[in-house]
Amino acid sequence: MEAAYGPFLALSGVTLTARPGEIVALLGPNGAGKTTLIRCITGLLRPRAGAIRWEGAPLDGVPAHAIVERGIAVVPEGRRLFGAMTVEENLELGAFAPRARARRTARLEHVYTIFPVLRERRRQLARALSGGQQQMVAIGRALMAGPTLLILDEPSLGLAPRLVESIFDVLREINRSGVSILLVEQNVQAALTLSHRAYLLEAGRVAGEGSAAVLLEDPRVRRAYLGPLAR
Amino acid sequence: MSGRRSRAVGLAAAIALAAVPLVVRRDDVLNFLFLVLLSVTLAESWNIVAGYAGQVNLGHAAFFGLGALTTRALWVAGAPVLAAMVAGAAVAVVFALLVGAAAFRLRGAYFAIGTLALGEILRITVGNVRAEISTLPAATIAGYRLAHRYYLALALAAVSVVVVAALGGSRLGLGMRAIREDEEAAEASGVGALRLKLLALSLSTALAGLAGGLFAYYHISYYPAHPFSPTWTFDSLLITFIGGVGTVHGPLLGAVFYVFLKEFLAIRWVDFHLLIFGALFVAIVLLLPGGLVEAAARLRALTRRPGQAC
Amino acid sequence: MTPFLQQLVLGLLLGGLYGLAAAGLSLVFGVLKVLNVAHGQLIMLGGYGAFWLFALRGLDPFASLAVVIPAALVAGVILYWALFGWVVRAPEETRVKNSLLVGFGLALALEAAAVRLFTADERSITTGYAGAVLSVGGLAVPVVRLASLALALLLIGGLHLALARWRWGRAIRATAEDWEAALLTGIDVRRAYLLAFALGTALAGAAGTLVSVGYSISPSIGLEWTLKALVVVVLAGLGSMLGTFVGGLVLGLAEAVSAAAFGGPYREVVGLVVFFVVLVARPRGLFVR
């Protein structure tokens, strides 16, 4: 697949697959094309060439809002909550698509079980929440769509290490309930610990791929991503 | 059109227009051409700020009105008309510099609505303070020569076309266009955006003030608030956009087209031209941002290289 | 003192209509980032709708809201499809500027069409109860204008509720705040745009109806109403319909005060000066939360 912003090719020859039930990490430095890839999958950007297939059907030409209905939900970078709306309104908007709407009461209950603090804060405006709680709302909002694939773009950004850990624990739980996860992360150590497989993206190309456990021990990966001070 | 050729065409047109009063003895023809020339001046002057510096000034009529107000007062009081017109232009420029620094804090559409409000403030105030119609003294009416007004209009239109053309090729014009494309980037590369925008506004309002003076010199009687009417701004905007914003020829072409259609339609349907021009304008904004000038260029490209679409 | 209080009462009544006029503009601008300067002309057309329903069919102007509002909704859908739906494809900064130009052309065309169809005469609806006046402590309150204020408040309240509770109302608010996030949540943003625009047009139609009954209409009132609505939007900011309505009331009162202080002909000037000063003082902050 290829993608471009205007004349600038941001991605070329990228091929990646995610199998059902997997946690796949997408790693790489800033500007490697991770966000571009996410924008292509979620329909915000049209790939210039190549195809994105989902559950056997091509996603090209499917508008972004309809892609959610196909079972792909995203937690965007920077969370992008509707700050002037309450926590519960944010969550309910996650179940906006007709099919998700039918099951929104049960899903809301589910989200409140995962993140009990959100139930307490459900009447508060989203922008009044702390960073960690906002991240919970963002994940909850995506879960409300009942996705089979959950994409997270830099979920650890700006969060304290302890919070990152608990968020990642939640992601593991979500995955156990049968949701595939595509995780874009700069926190390579944490991402590789969580995921089954990983792709390394560099300058718009796949520079490497493999099982997370193997990559975690790979000296090149350790040098490039984990820095000389890594264990 | 290449620079040399368009200069030759322009000179020929100016000479032909200068010969009209000697050949044609009909006042209606001169009045019509006067209107075209006045529209050219107003549209070209509006084009300096909108087309080059990229700021849609919806208060242009205020400067036209100030020029008219000042010129009329001084001229009727006995000053020579050219001096009165220069004074009118000076008043317009001073006002522009006073409000410009504030208005240019606004960007894009906010500049447009801010200047629209400014224009309306002046129009309503002048309408209240000078509510009576302004009529020339009988002696002046007796000595009225249409040809004098006509030549003045021709000179003024020629000056504004030359000014815009000169600006287009100059470093100043380049700086202004840089602001139009991306103000932040222009600032970053050393273009003093505010200074240049004020300069563009001064040039523009000086010409508008002179045009207002011409209006005051031309009309035997009118309400002092009339030249402040937003219609003058709207006419300039329509003419410039339909002709081709940011070009020298656009406002020329647009003015001829606009005034001709307006007068032609006015015979049967007053104000009907606004329906047509309003719709045409919307179509141009959405489909052909370069106006008639771009349409002509595309047509030429098509005929010159058949089979090669653009 | 009483004449001044009387002016204040009238200013407040008129202010309700300013609020209603501004609500539509604010909704469209807040959601689509489209500045429809033809909003005043839409108000004017709404007024003519009510006027002709009354003149030709004898329909009571307040009852005609039931016709004018749905008709305006449809007109809004058509305008969106034909014009503003093209404008929203551009990135935000170009979008505001292009919408201003498109709205401007539309305004000219609508005004010219109205002159052609309805003549330039000033009109107003004179019902049997037009002269009815409620006397409260020595102050005269025209019943029609009071009813207009109440209806305006009712409409704004209904809109507020719809935006708060209705599924698509929430979608509209989400789109206003962050259209990309809304899209990623599964909201068809284009449809939210269409709905917001149609609602804005319906509000203009309603405002026009109320203007034609308590006040008067002519093809040329559009610009004035657009300016009033803009002033209120600038003063009240975006995001809250109730806030916009209060902004309208404040403008109505401010005009009454300035008319008392500087004389009737200057009532408009004061509002415009305040508008310009506020705009310049907060050149970006106004429309950004």
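Residues numbered from 1 in each chain as written. Chains lettered and ligands numbered in written order. Predicted model: local features only at pLDDT ≥ 70, side-chain atom pairs only at ≥ 80, totals over all residues. Heavy atoms only, no water.

**Student:** Is there a simple way to explain the overall build of chain C in this structure?
**Tutor:** What chain C contains, in helices and strands, is 11 helices and 2 strands. When the helices and strands of chain C are placed in sequence order, the string is α-α-α-α-β-β-α-α-α-α-α-α-α. Its C-alpha radius of gyration of 19 Å places chain C within 12% of the 19 Å reference for a compact globule of 289 residues. Along the first, second and third principal axes, the C-alpha atoms of chain C reach 60 × 45 × 35 Å. Split into buried and exposed, the 289 residues of chain C put 57% on the buried side. Here chain C displays about 10,800 Å² of accessible surface, and carbon together with sulfur accounts for 68% of that area. Looking at chain C, you have 19 positive and 13 negative side-chain charges, and the mean spots of the two groups are 6 Å apart. (Helix = DSSP H or I, 4+ residues; strand = E, 2+ residues; numbered from the N terminus. Rg over C-alpha atoms; globule rule 2.2 N^0.38 Å. Buried < 20%, exposed > 50% of the residue type's maximum accessible area, 1.4 Å probe, protein only. Areas by Shrake-Rupley, 256 points an atom, 1.4 Å probe, with all protein chains shown as cover. Lys, Arg positive; Asp, Glu negative; His and termini not counted. Charge placed at Lys NZ, Arg CZ, Asp CG, Glu CD.)

**Student:** In this structure, what is going on with the interface of chain C and chain B? I would like to understand it.
**Tutor:** Accessible area lost on assembly of the parts is the figure often given for the size of an interface. Taken together, the contacts link 36 residues of chain C with 37 residues of chain B. Between chain C and chain B, the buried area comes to about 3,400 Å², and carbon and sulfur atoms account for 82% of it. A per-residue breakdown of the area chain C buries against chain B is headed by Leu101(C), Phe104(C) and Phe276(C), which together make up 17% of the total. Seen at the junction of chain C and chain B, the total is 0 salt bridges. Applying the counting rule to chain C against chain B returns 3 residue pairs in polar contact (both at pLDDT 80 or more). The set of elements that each furnish at least two residues to the side of chain C that touches chain B consists of α3 (61–87), α4 (92–118), α9 (222–236) and α11 (267–281) of chain C. Looking at the side of chain C that touches chain B, the element that brings in the most residues is α4(C), giving 14 residues. For the side of chain C that touches chain B, the per-class residue count stands at 30 nonpolar, 2 polar and 4 charged. (Contact = heavy atoms within 4.5 Å. Buried area = accessible area lost by both parts, 1.4 Å probe. Salt bridge = Lys/Arg side-chain N within 4 Å of Asp/Glu carboxyl O. Polar contact = N/O pair within 3.5 Å; in protein donor to acceptor, adjacent residues only side chain to side chain. Nonpolar A, V, L, I, M, F, W, Y, C, P; charged D, E, K, R; others polar.)

**Student:** Just to check I follow, could you spell out the nonpolar core for this structure?
**Tutor:** Nonpolar side chains tend to gather and get buried jointly when the protein is soluble and globular. Counting 229 residues, the largest nonpolar core has Leu32(C), Phe84(C) and Trp225(C) as its most contacted members. Ignoring any residue separated from it by four or fewer positions in sequence, one finds Leu32(C) in contact with Tyr80(C), Val88(C), Arg95(C), Tyr193(C), Ala196(C) and Phe197(C). Within the second largest apolar cluster, 49 residues are counted, among which are Ile23(A), Val68(A), Val137(A) and Val164(A). (Core = buried A, V, L, I, M, F, W, Y, C linked by side-chain atoms within 4.5 Å.)

**Student:** Help me understand helix α8 (residues 171–181) of chain B in this model?
**Tutor:** In an α-helix, one full turn covers 3.6 residues, which means residues spaced three or four apart are oriented alike. Residues and elements named next belong to chain B. Among the residues of α8, those classed as buried are Gly173, Gly175, Met176 and Ile179. Buried residues of α8, seen end-on, are gathered within an arc of 160 degrees and therefore sit on one face of the element. Facing away from the buried side of α8 by over 90 degrees, the exposed positions are Arg171, Leu174 and Glu181. Structurally, α8 contributes buried residues whose contacts are with α2 (27–52), α7 (146–169), α9 (183–188) and α10 (193–218). The N-terminus of α8 is capped by serine 170, whose side-chain oxygen sits 3.3 Å from the backbone nitrogen of leucine 172. (Arc of directions from axis to C-beta.)

**Student:** Teacher, can you tell me more about the sheet that holds strand β8 (residues 180–185) of chain A here?
**Tutor:** In sheet architecture, strand pairing relies on hydrogen bonds along the backbone and comes in two forms, parallel and antiparallel. Residues and elements named next belong to chain A. Read from one edge of the open sheet, 6 strands run β6-β7-β8-β3-β9-β10, paired in mixed fashion. At either margin of the open sheet sits one strand with a lone partner, and together these are β6 (72–75) and β10 (205–211). Neighbour-to-neighbour, the strand axes of this sheet turn through a mean angle of 15 degrees, independent of strand direction. Set on the sheet, helix α1 (residues 34–41) makes contact with β3 (23–27), β6, β7 (149–153), β8 and β9 (197–202); between it and β8 the angle comes to about 145 degrees. Of the strands in this sheet, β6 and β7 are in contact with helix α7 (residues 131–143), which crosses β6 at around 170 degrees. (Pairing = 2+ DSSP bridges. Axes fitted to C-alpha atoms, helices over the stretch in contact; angles between N-to-C directions.)

**Student:** Explain the arrangement of the chains to me, please; I cannot follow it from the model alone.
**Tutor:** Here 2 pairs of chains make contact, and the pair sharing the most contacts is chains B and C. Contact between chain A and chain B is absent, and the least distance between their C-alpha atoms amounts to 17 Å.

**Student:** Explain the environment of Gly40(C) to me, please; I cannot follow it from the model alone.
**Tutor:** Topologically, Gly40(C) is positioned in helix α2 (residues 39–57). Assessed through its relative accessible area of 0%, Gly40(C) is described here as buried.

**Student:** Is there a simple way to think about the interface of chain A and chain C in this case?
**Tutor:** Between chain A and chain C, the residue contacts involve 21 residues of the former and 18 residues of the latter. Both faces combined, the contact of chain A with chain C buries some 2,000 Å², and carbon together with sulfur accounts for 61% of it. Considering only the side of chain A, the residues that lose the most area to chain C are His65(A), Phe82(A) and Phe96(A), jointly responsible for 33% of the buried surface there. Counting every contact that joins chain A to chain C gives 6 salt bridges. The partner of Arg170(C) in a salt bridge is Glu92(A), and the shortest N-O contact between them spans 2.7 Å. Viewed at the interface, chain C and chain A are joined by 8 residue pairs in polar contact (both at pLDDT 80 or more). Only α2 (64–69) and α3 (87–94) of chain A provide two or more residues apiece to the side of chain A that touches chain C. Top element by residues in the side of chain A that touches chain C is α3(A). It accounts for 4 residues. The class makeup of the residues in the side of chain A that touches chain C is 11 nonpolar, 4 polar and 6 charged.

In short, the description is geometric, and any link to function would need to be established separately.
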